[in-house]
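Observations on the three-dimensional arrangement
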Amino acid sequence: MAGRLISVVFGGSQQRTKQPDQGLLNSLLPVFDDDKFMKQMVDTHAPDEGDVDVQALFALVENTLKGSTTIVDNVVNPNKATSAPTAPPEFKPAKEGFTPPLSTISEVTCQITCKALDTKNVRETMSAIFHELSSYSLVAKAVVTLSSLALYYGDFWQLAQIEPSDKLAESIAVLKGLPAITKPLELQKIQVFGVLNDLIKTTLEMTQCIVEFDHDSKDVPELAKVIDITSSVYQIIITVLGCSIQFTALITTTPADESKGRDLPAFTRKVNMIHHSIKRQLEEYKLKKEEIREYQRLQRLFNAPTDNVELIKALFYTKDDPQPLYLGSKKTTDKIECLRRKNVLLLISDLKLSSHDLSILVKIYNEPKFQESHEILWIPVVDQDGEDLPNVFENLQSQMPWCSTHYPTLVNKVAIRIIKEKWHFRNEPMVVVLGPQGKVESQNAMSMIRMWGFNAFPFTDGVVTTLWRSREISWFELLVNDSIAPGVQAAIKSEKLIFLYGGEDTKNVTDVEAPLKKIIEDGNSIVAYNVGKIQLFWTRLESCMFSMLQGKADILDPLLQDVLKLYTNFKKDGGFALLTKGTRVVINTPLASASKVLVQYDTWKKQVNVDGKTFDVVLKEHHDKVVAPQTCHHFYIPNMVGYVPENVKCPVCPRVMKNIVKFECCHGAH
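Residues numbered from 1 in each chain as written. Predicted model: local features only at pLDDT ≥ 70, side-chain atom pairs only at ≥ 80, totals over all residues. Heavy atoms only, no water.

As annotated in an unreviewed UniProt entry, the protein carries the name Protein SIEVE ELEMENT OCCLUSION B-like and comes from Rhodamnia argentea.

Written out as structure tokens, the structure reads:
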């Protein structure tokens, strides 16, 4: 009768059954962490093609152990068993035609019971088990070993339920060498049975983890090592042997022994740690596999979109948020479907979007023509957590009249990876222009927006080409405005001499500024600006280069060469100097070279107005005289993946220039 408190003897087999040495369980603990011994066991591995059906065998093992442990739960908790007995498990149907490896199971059962007690040497027993299982796959070794324990444990608890009046079942139990019920269990044994029963459940769960992983990871080979199957199998087999030793100790015919179960708590703690590790690894594997599947899905979607709404939906976590969009101008929320049939500018940035970029976009957004067919959607890429993150997010969002996601519905992490790989997001703000069908009309319109504002509408790559070809405005006018150099626009219109400079070497800066002051005091019509530390200048300079390359400008175009030369002078030589008359470039040189020329002002100023030569002409002649031409011609291009030209011809000679990759970090400066 189920639930009855029981104690057991080996009916008819007491003389040949040895009492387990309680030290055996304790001696198994160091075996868990013995890497050398584990390697010896693993070296026996020689699988053949005729392996067992692991899934089918595990289903039988799971049925047996779940049924057995349910019986024990009711035995060790009699009050609960009477009022609310543990429900019987749902048994999985056996696979039709499957035959377990009976002889192997029988031999391993013998090893974990009788022979383990005969040798009293757990390492010898482990070695015998691994040799017996040498031809099986790694996971099959664990499942076959656990099936031996399941058979041993299940046999006992099935016959332990017999009624005292069932003499046939009792006789069968005696003939099989299995115990029969004689008297109530001691309280101590009940407690130990409960702990052991939980340990066996844990062992089953550990094995289930590796069986699931082994079966499920076959189609994702890149994740095949997320769980260390070799060590997991080794640890499971040790655990099974420990469970068998402890179980045999409990069912042996001896007087009540206070030492029984003494080593079980320490052994259980070790197994629980291993179980936690394997379970965590399986969860990690599932997350990574889900990410891979999501990544593959998004890749297909990004490569062949059919609708902008479908693509935008993939960017956000929207399962629990049917209205993820926040409409800044209306202070309401809406579904992503409100963007259907619109051209959408995806503003992708972190939470450090500059006020300058924000103001340009707000002006564009407020244009009536823009609102007829276009919308802006902010895609916040937030890679870190922080207590102040919601406040920073909401403060930036409050300045945006367009669509955004309301916190905490942020961008799908897998989508962030795609954005970085496919659209080359590098933490700098970018604007991806999507057509109504989800086609990318411009992979990054941020540069043209910074340079041209609404004049670049509708912000496609083709518009940039047209704008640069028109040449209605010079690159210098686009690069430098009154925000960077106060009064420069008036100086351009009056065709004054304008001297822009900047550098990291303070000596070169000082060497330039001292003679500049004297030149101005002498009455020369020149304005000078040190823009080297002005971030907006560098942002606009890089945007200028980017939009030129985006517009498929010829690398040999003098206009592009001027911009590249200025950038290169700073990046390579640590400083630049640019002298223009209005927008016409007079000299574009490294700061150190300009310093050489200007410190000699007293030498060459006498030539001004001689033979009608103006100040700028004399300065350029002296520059060309004292500054030796460089042996090699080169230029730097900032990170513009997808737009950097290949096979560039040198503007000085007919050779093709070498392409040298350089990585740089300025720690937030420039």
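Don't stop here, the text continues.
This brings us to the overall build of the protein. Within the protein one finds 26 helices and 13 strands. Put simply, the protein has 670 residues, and 50% of those count as buried. Restricting to contacts in the protein with at least 6 residues of sequence separation, those with at least 24 account for 75%. Counting only carbon and sulfur atoms, one obtains 51% of the accessible surface of the protein, whose full area is about 32,800 Å². (Helix = DSSP H or I, 4+ residues; strand = E, 2+ residues; numbered from the N terminus. Buried < 20%, exposed > 50% of the residue type's maximum accessible area, 1.4 Å probe, protein only. Contact = heavy atoms within 4.5 Å. Areas by Shrake-Rupley, 256 points an atom, 1.4 Å probe, with all protein chains shown as cover.)

Further remarks concern the side chain of S547. Within the secondary structure, S547 is located in helix α22 (residues 535-550). A distance of 3.0 Å separates the side chain of S547 from the side chain of W468, its partner in a polar contact. Reaching out from S547, the side chain makes a polar contact with the backbone oxygen of C544 at a distance of 3.3 Å. Setting aside anything within four residues of it in sequence, one finds S547 in contact with S447, M448, M451, W452, V464 and W468. (Polar contact = N/O pair within 3.5 Å; in protein donor to acceptor, adjacent residues only side chain to side chain.)

As paired elements, strand β10 (residues 497-503) and strand β11 (residues 526-530) share five bridges and run parallel to each other. In the sheet register, L497 faces β11, and the bridge partner there is I526. Following the chain from β10 across helix α21 (residues 506-521) to the adjacent parallel β11, one finds a crossover that is right-handed. (Pairing = 2+ DSSP bridges. Right-handed = clockwise from strand over helix to strand, strands pointing away.)

Formed by 80 residues in total, the largest nonpolar core has its most connected members in M126, W157, I210, Y234 and F247. The element that contributes the greatest number of residues to this core is helix α10 (residues 229-251), accounting for 13 residues. (Core = buried A, V, L, I, M, F, W, Y, C linked by side-chain atoms within 4.5 Å.)

With mixed pairing, four strands are arranged side by side in an open sheet as β11-β10-β12-β13. For this open sheet the edge positions go to β11 and β13 (584-590), each flanked by a neighbour on one side alone. The mean angle between the axes of side-by-side strands here comes to 15°, regardless of whether they run parallel or antiparallel. Two strands pair when backbone bridges link them, and β10 and strand β12 (residues 575-581) are joined in this way by seven bridges, in the antiparallel orientation. When the bridges of β12 are listed, I498 appears paired with T580. (Axes fitted to C-alpha atoms, helices over the stretch in contact; angles between N-to-C directions.)

Let's shift gears to the pairing of β13. Within a regular strand, side chains alternate between the sheet's two faces. Burial analysis of β13 places five of its seven residues in the buried class, which makes it a mostly covered element. Note that β12 and β13 share six bridges and pair antiparallel. Bridge assignment links L578 to a residue of β13, and that residue is N588. Linkage of β12 to β13, two consecutive antiparallel strands, is achieved through a turn of two residues, within which G582 is found at a positive phi near 70°.

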